[in-house]
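# Structure assessment
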Amino acid sequence: MFGDGILKGLAETARNFFGSYRSKNRLTTIQYPEERLPQIEAARSFPFLVYDGADWQQGMRCVACQICEKECPPKCILIKKSADKKPDATGKLQAYPAVFDIDISVCMSCQICVEVCPFDAIKMDVDYDLPTADRFAGLLLDKQKLSKSNQYYHQIHPTEAAAVDAALAAERAAAAAKAKAAADAAAAKAAAPAPAPQVQPAGGEPR
Amino acid sequence: MTQTLDQIFVIAKAWLLGYLPVAARPLASAVLCVIAIVITFPLLFAITTWLERKGLGRIQNRLGPNRTGPFGLFQPIADAIKSLTKEDIVPLTADHAVHFLAPLLLVAAAFLAYAVLPVGRNMVLVNLNAGVLFFFAVGSVVELSVFMAGWSSRSKYSLLGAMRAIAQMISYEVPLVLATVAVIMQAGSLSTVDIVNQQATYTHTLPHWFVFTPWGFVGFVLFMIAATAESNRSPFDLPEGESEIIAGYYIEYSGFKFALFFLGEYLGMFATSGMAITLFLGGWAAPFSFLTWIPSYVWFFLKLLALIGFFIWIRGTLPRLRMDQLMNLAWEFVLPMALLNMLVAGVWHFMPHGLLRWLVCTAIVAIPCILLAAGLKRKKKFQVRTYQFAE
């Protein structure tokens with residue numbers, strides 16, 4: 001029949017019109033500032049610095065090796081290495097970044113800094129709600145703004161953070177075991193009576 | 001009481017005019033009516049933009065505007081503030097005078113059309129004895145202003161849009177007027193007031209609207225098709241097809257001039273809808289004789305809102321036509337049907353009352369309609385396009 005397509009179409013749109021009042025499932029739009037979609041775990045926005053413990057300055061994992069600064073494709077990271085050394089979370093003396101700035105107006109969220117960091121110090125944040133009235137200073141994040149706790153890291157990327165923690169713990173355990181073995185050896189060496197010095201023939205085989 | 005309520009605006013005007021000297025009264029009366037029109041219909045425009053965005057949103061399973069005020073009701077105010085405070089950019093190479101005049105002319109022409117539209121009993125600005133003629137004469141000024149806008153902007157998109165608009169508007173103006181001719185033949189008058197008065201009578205409880213006759217129904221459908229095309233609304237919105245030529249003839253306009261184009265377009269739509277109501281849907285007459293206690297202007301605006309709602313519904317349903325489809329529809333279907341409808345109106349007038357008249361008139365309309373529709377359908381033979389290089 002002539003015109004039945006139009007009538008069918010009108011019926012369909014009318015069904016949508018009234019249906020949207022009857023069932024909420026039809027309204028798929030998320031009303032953004034009030035409602036937000038749950039974030040997927042692999043979401044990422046901009047990098048942040050992880051610190052262990054409670055104090056962000058003391059617990060900072062970053063040792064200012066500057067690999068990320070060199071690798072960063074858009075060159076948005078600025079690091080100035082400290083002159084002195086401070087004990088880190090495990091008590092070991094480490095260098096630390098005197099200045100660590102990331103310009104997130106330049107950052108392209110490529111995650112290369114995260115890939116290259118040997119200390120698991122820099123990770124990707126998920127916070128995308130970063131509008132500011134000042135597009136220069138407001139988007140240049142300094143060390144303090146970048147520092148976020150390990151608990152926060154666990155919150156936003158639980159699987160990844162657990163893996164990182166396990167790796168770090170294993171590393172530290174290995175280091176501790178090695179140190180202990182070395183210490184034991186030294187202690188044993190000190191305890192044992194000094195053996196008579198063996199005379200080595202001149203020109204002995206090199207080891 | 002119902003009489004007073006029905007005539008309350010007429011009484012109020014007479015009361016206001018009573019304070020003026022007799023010599024000043026005709027002018028003051030006209031000015032008062034003009035003020036009423038200039039306030040009412042832009043207000044209706046504001047409501048319609050909100051209704052349209054809400055309605056289209058719901059059709060697409062969205063909420064529509066909901067940020068400004070309750071249910072987004074203040075959206076038109078926000079839009080007005082936005083367009084008023086925007087920079088008014090005129091292209092460097094544009095013809096400045098014509099570029100400035102085009103939106104003004106469009107709005108002025110759209111407002112002029114309301115002069116002959118009876119919005120209620122005794123509520124018409126001027127009862128011209130050639131009212132319908134005046135309406136269509138003023139309506140064709142819109143084409144002039146559209147081409148002024150397209151030509152003066154010095155932009156290819158503007159010009160393309162204007163050319164499409166002219167082709168479309170002229171093609172559809174013919175069936176628009178021809179569909180009206182049937183009503184004029186039957187009513188024997190070009191005065192809009194007379195035409196409404198003839199429809200405002202009842203047999204038992206049923207009204208004598210022209211839409212309830214075979215020629216009236218066909219005329220109404222044809223008139224609405226042509227009116228949709230005349231007001232550049234979807235599915236006939238080729239002159240401003242967003243996906244093709246962005247905004248068509250008013251692409252080079254910004255700020256308040258752009259808003260004026262929008263206003264003019266919607267005012268034109270209301271005017272043609274009002275004319276359709278006047279010609280076919282009994283104007284301000286109530287649909288049943290026992291409902292005549294509701295004031296006449298309420299009925300007029302209810303009918304107008306219903307037609308606007310239908311326009312929105314159509315816009316939410318149909319995709320845009322292609323240019324050749326548009327022209328084929330105008331010249332191969334709407335125009336022959338409109339011509340045939342005039343014949344039917346004559347047959348209806350001269351045949352004796354009864355069932356036979358209905359049967360004959362319906363047959364004269366229905367059979368060619370089906371044949372013409374089949375003709376429109378049969379022509380669609382498309383070949384698979386083959387390309388020499390791009391494959």
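Our structure is the block above this text.
Please read all numbers here as calculations on a predicted model, not as lab measurements. (Residues numbered from 1 in each chain as written. Chains lettered and ligands numbered in written order. Predicted model: local features only at pLDDT ≥ 70, side-chain atom pairs only at ≥ 80, totals over all residues.)

## Looking at the overall build of chain A
A count of helices and strands for chain A gives six helices and eight strands. Tracing chain A from N to C terminus, the helices and strands come up as α-β-α-β-β-β-β-α-β-β-α-β-α-α. Since a compact globule built from 207 residues should have a radius of gyration of about 17 Å, the 29 Å found for chain A marks it as more spread out than a globular shape. In chain A, buried positions account for 17% of the 207 residues. (Helix = DSSP H or I, 4+ residues; strand = E, 2+ residues; numbered from the N terminus. Rg over C-alpha atoms; globule rule 2.2 N^0.38 Å. Buried ≥ 20, exposed ≤ 12 C-beta atoms within 10 Å, placed from the backbone.)

## Re the overall build of chain B
Of regular secondary structure, chain B possesses 15 helices and two strands. With the C-alpha coordinates aligned to their principal axes, the bounding extent of chain B is approximately 75 × 55 × 40 Å. Of all 391 residues assigned to chain B, the portion counted as buried reaches 41%. A separation of at least 24 residues holds for 77% of the contacts in chain B among residues at least 6 apart in sequence. (Contact = placed C-beta atoms within 7 Å.)

## Considerations on the sheet that holds strand β6 (residues 122-124) of chain A
Residue and element names in this part refer to chain A. Sheet architecture is open: three strands sit in the order β6-β1-β8, paired in mixed fashion. Looking at strand neighbours, the two that pair on one side only are β6 and β8 (147-149), the edges of this open sheet. Between one strand axis and the next, the sheet turns through 50° on average, direction left out of account. (Pairing = 2+ DSSP bridges. Axes fitted to C-alpha atoms, helices over the stretch in contact; angles between N-to-C directions.)

## A look at the environment of Ser29(B)
For Ser29(B), the location among the structural elements is in helix α3 (residues 25-59). Not counting chain neighbours up to four residues away, the residues in contact with Ser29(B) comprise Lys13(B) and Leu17(B).

## Observations concerning the interface of chain A and chain B
Each partner contributes to the interface: chain A provides twelve residues, whereas chain B provides eleven residues. Of the residues in the side of chain A that touches chain B, the class split is five nonpolar, six polar and one charged. (Nonpolar A, V, L, I, M, F, W, Y, C, P; charged D, E, K, R; others polar.)

## Considering the packing of helix α10 (residues 214-230) of chain B against helix α15 (residues 355-378) of chain B
Residue and element names in this part refer to chain B. One way to put it is that α10 packs onto α15 with a least axis distance of 9 Å and a crossing angle of 30°. Judged by the inter-axis angle, α10 sits roughly parallel to α15. Between α10 and α15, the contacting residues are Pro214, Trp215 and Val218 on the first element and Trp358, Cys361, Thr362 and Val365 on the second. Here the contact of α10 with α15 is composed, by residue class, of six nonpolar, one polar and no charged. (Parallel < 35°, antiparallel > 145°, perpendicular 65-115°, else oblique.)

## A closer look at the packing of helix α8 (residues 156-187) of chain B against helix α14 (residues 323-350) of chain B
Helix-helix packing is characterised by the crossing angle of the two axes and by the distance between the axes. Residue and element names in this part refer to chain B. At a minimum axis separation of 8 Å, α8 and α14 run at an interaxial angle of 10°. Judged by the angle between their axes, α8 and α14 are roughly parallel. Class assignment for the residues of the contact of α8 with α14 results in 19 nonpolar, six polar and one charged.

## Structural notes on unusual backbone geometry
Excluding glycine, residues mostly have negative phi values, and the peptide bonds linking residues are mostly trans. All names here are of chain A. Backbone geometry places Ala64, a non-glycine residue, at a positive phi of 60°. The topology assignment puts Ala64 in the loop between β1 (47-51) and α2 (67-71). Under the C-beta neighbour-count criterion, Ala64 is labelled partly exposed, with 19 such atoms within 10 Å. Phi is positive for Ser109, which is not a glycine, with a value near 60°. The exposure class assigned to Ser109 is partly exposed, which follows from the 13 C-beta atoms found within 10 Å.

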